[in-house]
Each structure stands twice: as structure tokens, then as C-alpha cells.
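# Descriptive structure summary
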Amino acid sequence: MFLRVKIPHSRETSLFRTLSEKNSVFIPDSPSSIVHWLNRADNTQSGQYLKNDHISTLIKIDNRVIKVCYANSFRNKIKTLYGRDNIIKEVKGNIHLRNIGLRTPNIYAALTNLNPFNPIFGILIMEYIANSSTLRNYWSNQEKTTNRHILLNTFQKNICQLLDNHIQLNDFGPHNIIATDQGELYWLDAIAYPSKLDKASYFKRFEYQFNRVIQSDAEYWTLNERKSIQKSLSRYPLDLKL
């Protein structure tokens, strides 16, 4: 059994209107229906697997992405009964990031699985961002183009927006950020929320998280790019290992 999650910011697209019934978006409501959607990736020209592992399966069908999340523990499945699962957190995080001006893919529908014994944790139907790659891939593979400069500036601006609004984001590594050919950034897997930590603890936590990003991605940055990031964050009490 699945519980529908209300998406308050969904745009009224033609797909939304077609699949809606009394303001509730239709998505698979049984294991057999889910299998049908997954099989479409193999049986239609429009279906394409974007990811498939023990954490989640992402399938592009038409211009939408179906994200099927799997339970990694019985304890986490029990959280769905109390509204604390990652599906609901991702929906709320998507809203928090939009409210402070960051781009995120539209979430058109969301379901959490109330059966703790079913391996499927929940399902999201999201907007597919065309002509894009992860920010990490863009940094590591692209030439030093104007778009690269625009993306770096946008990344720095977005980080400042998070800090200024004291938003806590569980994982803001560049592998979770989509970059487009037009120089836009879209934040994925957005388990984000206003921090309840005091100011000093909040910045200390952020410092730890961002230093992990530096450790994993700074090799792709030029010296000038490192200096630019350092300068953009210099007004915050952070000890960055750049």
C-alpha cells in the first residue's frame, strides 16, 4: 500500500492534468504496476535507465524520470509510518531549496510505501533536465569554457544562499548537482531543512562537509577557481582546505 504525498509546488503541465484525478497525481499503486513502469524502459524507445543499483533505480520515460527508492534497512522502512522517510524529506527539501532561490527539478508525484516488508521504499516522478550532466562530470571533462565560469559562479552563489539562510543539506557534493549546457544548476536528492544548530555549530558542520567536497573535487579546479571559491566564502567563519 502506498501513501500519496502532496506536492504543493507542482506546475500544471499537460502531463500533470492528464494524470491527475481530484488534484492527486497518478503513479503506480501496486507492485505489479511498478513492474509495468520499470519494464517500459526495456520495451519502449523512450525508456532509458539512468541508474540502477541497490539504492535506487532511475528511468527516463518520455520527459520524466521515475525514481524508485529501495529500503536499506527495516528501521528506515518503519520511519514511513511516522512521516520521517527520505521520500517526504526529499519533497520538503526540494521546497526549502526553491524558497531560497535554488533550482531543483520539479517533482510531479511522490509515494511512500507503507508496507515495511516491501523492498520498495517509495517512488518519485520528476522532471528530466535535458542536455545536462553532473557538475562533477562537467568540471572533470569539459574544456575551460565560458559556461564553466558561469557554473562556478552559480555554484558559489548557491552555497552562499545556503549559508545565509542556515539551510542544512545532507549531501551537496557536485555529483548531486546537475549542470546544463546553458549554465544552469539543479540540485538533486535535496534532503534539506532549516538548521536547528546554533550559528557556530552550523558553520562547523558546513566546514566539514565542504572540505569533503574539496577533497573529492578540488583536483578539477584551476588555481584561479580555487581562489575564487575561497574569496566568495571568505565572509563566513570557515577554515577551508583549499
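Below you will find a few notes about this structure. Because the structure is a prediction, the values reported are computed rather than measured. (Residues numbered from 1 in each chain as written. Predicted model: local features only at pLDDT ≥ 70, side-chain atom pairs only at ≥ 80, totals over all residues. Heavy atoms only, no water.)

### Quick look at the pairing of strand β4 (residues 48–52)
As paired elements, β4 and strand β5 (residues 56–61) share four bridges and run antiparallel to each other. Paired with Y49 across the two strands is I59, which belongs to β5. (Pairing = 2+ DSSP bridges. Helix = DSSP H or I, 4+ residues; strand = E, 2+ residues; numbered from the N terminus.)

### Details of the pattern of salt bridges
Applying the stated criterion to the full structure yields nine salt bridges. Close ionic contact of E225 with R148 constitutes a salt bridge, the shortest N to O distance being 2.7 Å. Linking E225 in helix α8 (residues 223–232) with R148 in helix α6 (residues 146–164), this pair joins segments that are 77 residues apart in sequence. A single burial state applies to E225 and to R148, both of which are buried. In this structure, the salt-bridge partner of D239 is K241, at a minimum N-O distance of 3.1 Å. Note on K241: relative accessible area 55%, which makes it exposed. The network of salt bridges with shared partners includes K67, E90 and D189. (Salt bridge = Lys/Arg side-chain N within 4 Å of Asp/Glu carboxyl O. Buried < 20%, exposed > 50% of the residue type's maximum accessible area, 1.4 Å probe, protein only.)

### A look at the side chain of K67
With respect to the helices and strands, the residue K67 is situated in strand β6 (residues 64–70). Separated by 3.3 Å, the side chains of K67 and E90 make a polar contact. At 2.6 Å, the side chain of K67 and the side chain of D189 are in polar contact. With sequence-adjacent residues up to four places away left out, K67 is seen in contact with S56, T57, L58, E90, G122, I123, L124, M126 and D189. (Polar contact = N/O pair within 3.5 Å; in protein donor to acceptor, adjacent residues only side chain to side chain. Contact = heavy atoms within 4.5 Å.)

### Some remarks on α8
The α-helix winds at 3.6 residues per turn, so residues separated by three or four positions along the chain end up facing the same way. Those residues of α8 that fall on the buried side of the exposure criterion are E225, I229 and S232. Around the axis of α8, the buried residues are gathered within 70° of arc, so they sit on the same side. For α8, exposure combined with an orientation more than 90 degrees from the buried face picks out L223, N224, K227 and K231. (Arc of directions from axis to C-beta.)

### Considering the packing of aromatic side chains
To describe a pair of aromatic rings, one takes the distance between the centres and the angle between the planes. Summed over all chains, the structure comprises eight aromatic pairs. Centre to centre, the rings of F172 and F206 are 5.3 Å apart; their planes meet at 15°, and the pair counts as stacked. Of this pair, F172 sits in the loop between β10 (167–169) and β11 (177–180) while F206 sits in helix α7 (residues 199–217); the two residues are 34 residues apart in sequence, bridging distant segments of the chain. The exposure class of F172 is buried, given its relative accessible area of 3%. Among the residues examined, F206 registers a relative accessible area of 4% and is labelled buried. Measuring from centroid to centroid gives 6.1 Å for F172 and F210, while their planes differ by 25°, and the two rings are stacked. Residue F172 is found in the loop between β10 and β11, and its partner F210 is found in helix α7; the two are separated by 38 residues along the sequence. Grouping residues by exposure puts F172 and F210 together as buried. A connected cluster of aromatic rings, assembled from ring pairs, spans W139, F155, F172, F206, F210 and W221. The cationic tip of K60 hangs over the ring face of Y128; the distance from NZ or CZ to the ring centre is 5.0 Å. (Phe/Tyr/Trp six-rings, centres within 6.5 Å; stacked < 30°, edge-to-face > 60°. Lys NZ or Arg CZ within 6 Å of the ring centre and 35° of its normal.)

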